Amino acid sequence: MPQIPVKSAKKVAIACDHGGLEMKVALIDMLAKDRYDVLDMGTNKTESVDYPDYAYELSRALIEEKAFRGVLICGSGIGISIAANRFPQIRAALIHDALGAKLCREHNNANVIAFGGRTLGIETARDCLNIFLNTDFKGGRHERRVAKLLNPHLM
Ligand code: RB5
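Here's a quick rundown of the structure. Worth saying up front: this structure is predicted, and the values here are computed from it rather than measured. (Residues numbered from 1 in each chain as written. Predicted model: local features only at pLDDT ≥ 70, side-chain atom pairs only at ≥ 80, totals over all residues. Heavy atoms only, no water.)

### Some details on helix H2 (residues 51–63)
And step 1. Compared with the 18 Å implied by 1.5 Å per residue over 13 residues, the 18 Å span of H2 between its first and last C-alpha is a close match.
And step 2. For H2, the full list of buried residues reads Tyr 54, Ala 55, Leu 58, Ser 59, Ala 61 and Leu 62. All buried residues of H2 fall inside an arc of 160 degrees around its axis, so they share one side.
And step 3. Elements that come into contact with the buried residues of H2 comprise strand S1 (11–16), strand S2 (37–40), strand S3 (69–74), helix H3 (78–84) and strand S5 (112–116).
And step 4. Just downstream of H2 lies Glu 65, where phi reads positive at about 60 degrees. (Helix = DSSP H or I, 4+ residues; strand = E, 2+ residues; numbered from the N terminus. Expected span 1.5 Å × (residues − 1). Buried < 20%, exposed > 50% of the residue type's maximum accessible area, 1.4 Å probe, protein only. Arc of directions from axis to C-beta. Contact = heavy atoms within 4.5 Å.)

Dropping the structure here:
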């Protein structure tokens, strides 16, 4: 029986506002070269758009299991990560370095990585994305903490 290459079964959703378009293009190129299946959710224009619209669309796609992880980019990464984190099922981490990319997976089971297209270099973003996609959640004591993120009203 031929084995399906693991990465071909893994779809990565990616979206940005106008402040993240250049970085999104570069990251899609990297993902395609690494043979990930990419769900490009826009924007694909340089005109000004509202980052919550893109964060919400991508978040819904993850919740509906249309992709296994997401990448969100706006100018700073701040607005788009705040918007995605409005959904309890989404754990979006705004990341600036390799250690953060590793820890957001190991400790927080982040399912979305967010970048600032105007604040982070493309090479660092590539490095962080690669780590984010290839690092497993550690579970154990982190399991309980991540479970508590689902409903703050129960705590
Ligand atoms: C858009 O100008 C900018 O505000 C947006 O990309 C982002 O940085 C918001 O957090």
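### Points about unusual backbone geometry
And step 1. The residue after Gly 42, namely Thr 43, is reached through a cis peptide bond having omega -15 degrees.
And step 2. Note on placement: Thr 43 falls in the loop between S2 and H2.
And step 3. Although it is not a glycine, Arg 35 sits at a positive phi angle of roughly 65 degrees.
And step 4. Within the secondary structure layout, Arg 35 lies in the loop between helix H1 (21–33) and S2.
And step 5. Relative accessible area serves as the criterion here: at 56%, Arg 35 is assigned to the exposed category.

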